[in-house]
Amino acid sequence: MFFINLFKPERMLKVYFVFYIDCLTDVVKAIRKAGCLHLTDIKKEMPNLKPLETWESRVMECINKLENLNSLFLRERLQLKERLLGPRHIPLKIISEFPELEEIEARIKTLENDFKELKSEKEKFEKELNKIEFELKDTGDFKRRSYLKNLIDENKRKIKNIDMKLKTLGKKANREILFYNDILKNMLITEKAMKNFGRTEYVCAVSGWIPQNDADKIERILKKSCDTSFFYDRKPYEDEEPPIKLKNPAFLKPFEILTTTYGYPAYRGIDPTPLVALSFTLMFGIMFADIGYGISLTLLSLVIYLATTKKDQVMHSLNLILMYAGISSFIFGFVFGEFFGGILKVTSYVGEIEKDISSLFILSLALGFVHISLSLISRIITEYKSRESLYPVSLLLILLSALFFYSGYTAAGFLIMIPGLVLLFYMKGFGSFEEVISLFTNILSYIRIGALASMHIIFTGIFTMIILSLPRTITGIITGAVLFLLGSAIILASSTFIVFIHSLRLHWVEFFRRFYSSMGERYKPFRQESYYVYEV
């Protein structure tokens, strides 16, 4: 059971907290700081409770005003680099509590008035400038023209000064907007969270899900926020589906995006992330087996990983996956004896692949057999208490019988296949024939592993042969070097994309469809989400 629990999502508890309404502000602040309570609408369980009044519309109005200021004026006054990437110096602020909404509204109004005042003044001088320039065209008097030219220069200076003030205001206010925007977004999160609370005349109640390991922590924090209160927690009922929090070790965390993009597992199901991490990396390495390209992919992914900001979790995870994939390509490059298509000779541990492609296809089918078997075993583990577990058992028996038939043990194959077919017919009736065809079609789909591996080896071999066939002159060497760098870059980019997509397809289409429900709800605790402002 311990091994099975490694593949299970985090165990959750349902908690309820009742407190005097005078403690509401302190309780909300405590829950937000704890950052581990996934709120649920308690009014659905206790319909007699009334909803709390919120300021959601006011907060949204302030956010919209800030966005208007940002898009119409302030961001336009910044350099392109700052507009795209944000300020060079992050205006971090540490606060003891959020400022009042009225204070923010007043500051936004001041910023709007400052902008309008400068803009109005600029428009006044521009109109006057146009009027003077028009008069200058129709005036022939020398003294009058000289006077008008001085006025034009004076107005241009005034407009330039206003532009400088607008630019200064833009840079200063941009950082202020980042600060207030962060606070308002957290206020909005808080206001939306408070919709899940319920109240009577004197007391307030809240409920939600927490990871089992955080039960003592949240109880201690909540009771500290309100001395006179009641706390209760329980395990989920059979018909409840708590939110899903995956609990993989740090080195497997990046692969969670491959799982969760497809969908979150059911609470009582299996988290396939560890299996996906192993099989995805293995398949990628076989399909893109090359020492040189493996090193290039690893280093490039590392550079991009270090260059991206920590808040971009998708890019961080994706580049870590590609680093693992590059290392796998490097290892299988040694196995197959491939280095940039043979530009350097490396001893192969499996012979010349291009002369024995059938072995590569057999390896691909073997991987498919193991992969689909793991999929069926996962479903058996998930549904072992249910009658539905007979379906994956029947398919697994049929798969095992095929293995015995292939190995030459015909009698044993029939002994295993017949019970499997009987079980399958019992579960699916006359649809059994289609299920068997579908099962072996899924395995045949894994032939793409061998096909892509052999295509890469043959194509890069031809490319390298062309490079090495160039004349050994200065022109030939330079041409060969340029062609090699350009061609290698194209091969690296295109092969990485193609192999990644095909490896992902084998998991999403062939592997997941046999057992993965992807019906779980993501665990989203109520917490502060800040880049520039931190509440302590």
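Scroll up a little and you will see the structure.
So, how was this worked out
Counting from 1, residues in each chain are numbered in the order their sequence is written. Two thresholds apply to this predicted model, a pLDDT of at least 70 for residue-level local features and 80 or more for giving and counting side-chain atom pairs, whereas whole-chain, interface and lining totals are computed over all residues. No hydrogens and no water enter the side-chain calculation; it runs on all heavy atoms of the structure. Exposure above 30% relative accessible area and the absence of a salt bridge qualify a residue for a patch, where like charges join within 9 Å and nonpolar side chains (Val, Leu, Ile, Met, Phe, Trp, Tyr) within 5 Å. All accessible-area figures derive from a Shrake-Rupley calculation using a 1.4 Å probe, and residue coverage is judged against the displayed protein chains alone. Salt bridge, as used here: a side-chain nitrogen of Lys or Arg that lies within 4 Å of a carboxyl oxygen of Asp or Glu. Under the scheme used here, helices are H or I runs from DSSP no shorter than 4 residues and strands are E runs no shorter than 2 residues, and both carry numbers assigned from the N terminus. In this scheme, a residue with accessible area under 20% of its type's maximum is buried, one over 50% is exposed, and one in between is partly exposed, where area comes from a 1.4 Å probe on protein chains only. To get an axis, a line is fitted to the C-alpha atoms, and for a helix only the part in contact is used. The angle between two axes follows their N-to-C directions and goes from 0 to 180 degrees. In this scheme, roughly parallel covers angles under 35 degrees and roughly antiparallel covers those over 145, while 65 to 115 is roughly perpendicular and the rest are oblique. Throughout, a crossing is termed right-handed when the near helix is turned clockwise from the far one, and left-handed when it is turned anticlockwise from it by less than a right angle. We call two residues in contact when some of their heavy atoms are within 4.5 Å. Classes in brief: Ala, Val, Leu, Ile, Met, Phe, Trp, Tyr, Cys and Pro nonpolar; Asp, Glu, Lys and Arg charged; the others, Gly included, polar. We call a set of buried Ala, Val, Leu, Ile, Met, Phe, Trp, Tyr and Cys residues a nonpolar core when their side-chain atoms join them within 4.5 Å.

Visitor: Tell me about a nonpolar patch on the surface, and name the residues and values.
Guide: On the surface, Ile-295, Leu-299, Leu-302 and Leu-306 cluster together into a nonpolar patch covering about 360 Å² of accessible area. Here Leu-302 shows up in helix 10 (residues 291-307).

Visitor: So, the pattern of salt bridges: which residues are in play, and what are the values?
Guide: The tally for this structure, following the rule as stated, stands at 15 salt bridges. When the shortest N-O distance is used, the salt bridge between Glu-256 and Lys-253 registers 3.3 Å. Residue class for Glu-256 comes out buried when judged on its relative accessible area of 13%. Accessibility expressed as a relative area gives 35% for Lys-253, which makes it partly exposed.

Visitor: Give me the lowdown on the packing of helix 2 (residues 24-34) against helix 7 (residues 215-225), citing residues and values where you can.
Guide: Where helix 2 contacts helix 7, the two axes come as close as 9 Å, and the packing angle between them is 155 degrees. On the basis of their axis angle, the class for helix 2 and helix 7 is roughly antiparallel. The element helix 2 and its partner helix 7 pack so that their crossing is right-handed. Contacts between helix 2 and helix 7 involve Asp-26, Val-27, Ala-30, Ile-31 and Ala-34 from the former and Lys-217, Ile-218, Ile-221, Leu-222 and Ser-225 from the latter. By residue class, the composition of the contact of helix 2 with helix 7 is seven nonpolar, one polar and two charged.

Visitor: Which residues make up the nonpolar core, and what values do they have?
Guide: Leu-258, Phe-280, Phe-284, Ile-449 and Phe-500 are the most contacted members of the largest nonpolar core, which has 57 residues in total. When residues no more than four places from it in sequence are discounted, the contact partners of Ile-449 are Met-283, Ile-286, Met-287, Ser-364, Leu-367 and Leu-506. Val-28, Leu-37, Leu-246 and Tyr-267 belong to the second-largest nonpolar core, a separate cluster that totals 34 residues.

Visitor: Explain unusual backbone geometry residue by residue, including any values.
Guide: Although it is not a glycine, Phe-340 adopts a positive phi angle of roughly 50 degrees. Relative to the helices and strands, Phe-340 is located in the loop between helix 11 (313-336) and helix 12 (357-382). Relative accessible area serves as the criterion here: at 14%, Phe-340 is assigned to the buried category.

Visitor: Describe the packing of helix 9 (residues 273-287) against helix 17 (residues 474-511), and please don't skip the residues or the numbers.
Guide: Angle between the axes and distance between the axes: these two values describe a pair of packed helices. It is the contact of helix 9 with helix 17, at a shortest axis distance of 10 Å, that shows an interaxial angle of 140 degrees. When the axis of helix 9 is compared with that of helix 17, the two are oblique. Between helix 9 and helix 17 lies a crossing whose hand is right-handed. Each of Leu-275, Val-276, Ser-279, Phe-280, Met-283, Phe-284 and Met-287 in helix 9 lies in contact with helix 17, whose residues at this interface are Thr-496, Val-499, Phe-500, Ser-503, Leu-504, Leu-506, His-507 and Phe-511. Grouping the constituent residues of the contact of helix 9 with helix 17 by class yields 11 nonpolar, four polar and no charged.

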